[in-house]
Amino acid sequence: MDMDSIVSLCKRRGFLFQSSEIYGGLQGFWDYGPLGVELKRNVKDAWWRDMVSGHDDMSTLAGAPSPYAMEGLDCTIIMHPQIWKCSGHYDLFHDYMVDCRETKKRYRHDQVNGRWVEAKGKKVFVTAPASDEEQEVMTKRALKFFGLRNKNIDDLKWDGDVVCLTTIEDFGEVLGPDAKEKGTLTEPREFNLMFKTFVGALSGEEGAAYLRPETAQGIFVNFKNVLDSTRHRLPLGIAQIGKSFRNEITPRNFTFRSREFEQMEIEFFCHPDESHKWYQFWRDRRLKWYHDLGVSSDNLIMREHSPEEAAHYSTGTADIEYAFPFMAEGEYGELEGIAHRGNFDLRSHMEGKLDEKSDTLEVQLGDDGKPKWKGSGKDLSYRDDLSGEKYIPHVIEPSAGADRAVLAFLCEAYEVDEQPDEKGKMQKREVMKFHPRLAPIKAAVFPLVKKDGMPEVAKEIYLTLKKDFKVFYDEKGSVGKRYRRQDEAGTPYCITVDGQTSEDQTVTIRDRDTLAQDRVKIDELASIIRNRIES
Ligand code: ATP
């Protein structure tokens, strides 16, 4: 997999465009083009159908401790600012950044790597943005810094391994990633990742509000509403798909780290005693979802967080990670996190912001001596009708990024092979091998030639299939070229109307992956395509 080829195919074929491109773009923001919007919609639809609307709540799914209910929700992006105080985002949702006084550039503290190097009797910590090529970049920068030529590369005496800038205490001897002089980086400073806005005509702090940095909190604060309106017993999962915003310091790696992105989140409410079993269930279920949609197990891992990494209230957190081509060899990027959140969020919204470290109530007093960030004061506990037991449910949270899932499916689908053209000459073929459920276009319809009544029949087939699937009609160029265009778009089936069609009402259907061509009856086409997509 080569990321540059994938990025260029995405632009050329209309999967992804840089936002505001004609004005030079806006870093960290991306637009989905005609093929991209279909792909992303299919990813979200697959998630919604598999997790929510199509969920079998009558039986016990494999690995589940019991049957459970699932419901959906769609909350606003701007919510009461108190929510972010009680959730901890207001105080804790920040990254550390360092500024360069010389270049005016800003870097995320934990995303700059460096290495000590000595030459001409001087020693400096030379840095570069963390990447596959960091050593190469550091070598070039060290040569320049010491005024050495390439042929004197052996004069550079490296000391120790590449380490993260976070391990360096004094920046006096640090050469910033783009600086000419050393010692130009500022001390790391906290930077809250929430986008701030103002509601109504109030422009001061009174009107301040935030674009949600996750969809989850909307679910917690609506837990009681959903429970009361649906009359479900626990266990109950509440799902939401929607936009989230994070003012990332260094957005990068195509859509992987964007400032505006979409999440697909479930908050699963259950009895505390059962919660660990449910955690295991959701880990396995969510990993299987990616496999079922065609992500190979070679590229996907489940990484359990170490106890130090996980929040103290969490008795388990695992990330599903994908081997994105822009990651260094053997490294993976997070697609989804599955966290056991205990009763932390519901309690915070009941009682006020909890202290992350001790799980006790942290009462911060305002100038008037009253608690500053109190919770809603509403009882968010659950009483079981049958047993009469009352408790604050524990929550398992599978939280996935729709854009990262799309990116993984794009990377996974991309292949280059060689196929013979009409003259039998081998030609390079770029093909997107999407799972048929995810493919932006399900089938393309071609007349073999633009005469003998073939376009008329092909158009009729196209219009009929269009009622059920996203289909594409193409009569331009040779059939071979039309196949190639569909291969690049990831269309799994190409239907060709040829000379035989008028005789026996059959067409050929060509499979993108096996290249097999079957002859099938026109009136069976819709059901054949449906069966193949679902299988
Ligand atoms: P990271 O460590 O990569 O910043 P995170 O652990 O902060 O991610 P979560 O808060 O767990 O992410 O969010 C859940 C999911 O939302 C992530 O697994 C990811 O798929 C998606 N996500 C989070 N931040 C971004 C972003 N900036 N751009 C795109 N997707 C994101």
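Think of each chain on its own: its residues are numbered from 1, step by step along the sequence as written. Side-chain atom pairs in this predicted model are given and counted only at pLDDT of 80 or more, local residue features only at pLDDT of at least 70, and totals for whole chains, interfaces and linings cover all residues. Side-chain numbers here rest on the full set of heavy atoms in the structure, without hydrogens or water.

Two modes of strand pairing occur in sheets, parallel and antiparallel, and in both the strands are linked by backbone hydrogen bonds. Spatial ordering of the open sheet is given by 3-13-14-20-17-16-15, a layout of seven strands whose pairing is mixed. The sheet is open, and its two edges are formed by strand 3 (69–72) and strand 15 (300–304), each paired on a single side. In this sheet, adjacent strand axes meet at a mean angle of 20° when their direction is disregarded. Criterion used throughout: strands pair if DSSP finds at least two bridges between them. Numbering of helices and strands runs from the N terminus; a helix is a DSSP stretch of H or I covering at least four residues, while a strand is a stretch of E covering at least two. Examined bridge by bridge, strand 13 (residues 236–245) and strand 14 (residues 260–270) share 10 bridges and lie antiparallel to one another. Within strand 14, the residue paired with Gly237 across the bridge is Phe268. Sheet strands touched by helix 8 (residues 275–292): strand 3, strand 14, strand 15, strand 16 (316–322), strand 17 (333–342) and strand 20 (394–401). Its angle to strand 17, the strand with the most contacts, is close to 165°. Whenever a helix is involved, its axis is fitted only over the stretch in contact; in every case the axis is a line through C-alpha atoms, and angles between N-to-C directions fall within 0 to 180 degrees. Residues are treated as being in contact if the distance between any of their heavy atoms lies within 4.5 Å.

Turning next to a negative patch on the surface. Taken together, the side chains of Asp132, Glu133, Glu136, Glu329 and Glu331 make up a negatively charged region of the molecular surface. Position of Glu331 relative to the elements: it lies in the loop between strand 16 and strand 17. Remark: exposure states derive from per-residue accessible area (1.4 Å probe, protein chains only) relative to the maximum for the residue type, with buried under 20%, exposed over 50%, and partly exposed in between. Judged by its relative accessible area of 46%, Glu331 is partly exposed. Patches draw on residues past 30% relative accessible area with no salt bridge. Two like charges within 9 Å are joined, as are two nonpolar side chains (Val, Leu, Ile, Met, Phe, Trp, Tyr) within 5 Å. Each accessible area value is a Shrake-Rupley result obtained with a 1.4 Å probe; residue values ignore everything except the protein chains displayed when judging cover. By definition here, a salt bridge exists when the distance from a side-chain nitrogen of Lys or Arg to a carboxyl oxygen of Asp or Glu is within 4 Å. We treat Lys and Arg as the positive residues and Asp and Glu as the negative residues; His and chain ends play no part in the count. The atoms used to mark charge sites are NZ of Lys, CZ of Arg, CG of Asp and CD of Glu.

Another aspect to go through is the pattern of salt bridges. Under the defined criterion, the tally for this structure stands at 40 salt bridges. Among the charged side chains, a salt-bridge network with shared partners connects Asp95, Arg108, Asp110, Glu248 and Arg257.

As a further point, take the sheet that holds strand 10 (residues 189–192). With respect to topology, three strands assemble into an open sheet ordered 5-4-10, the strand pairing being antiparallel. With one partner strand each, in any of the chains shown, strand 5 (106–108) and strand 10 form the two edges of the open sheet. Averaged over neighbouring strand pairs, the angle between their axes works out to 45° when direction is ignored. Sheet topology note: the strand 4 (residues 94–99)/strand 5 ladder contains three bridges and is antiparallel. Paired with Asp99 across the bridge in strand 5 is Arg106.

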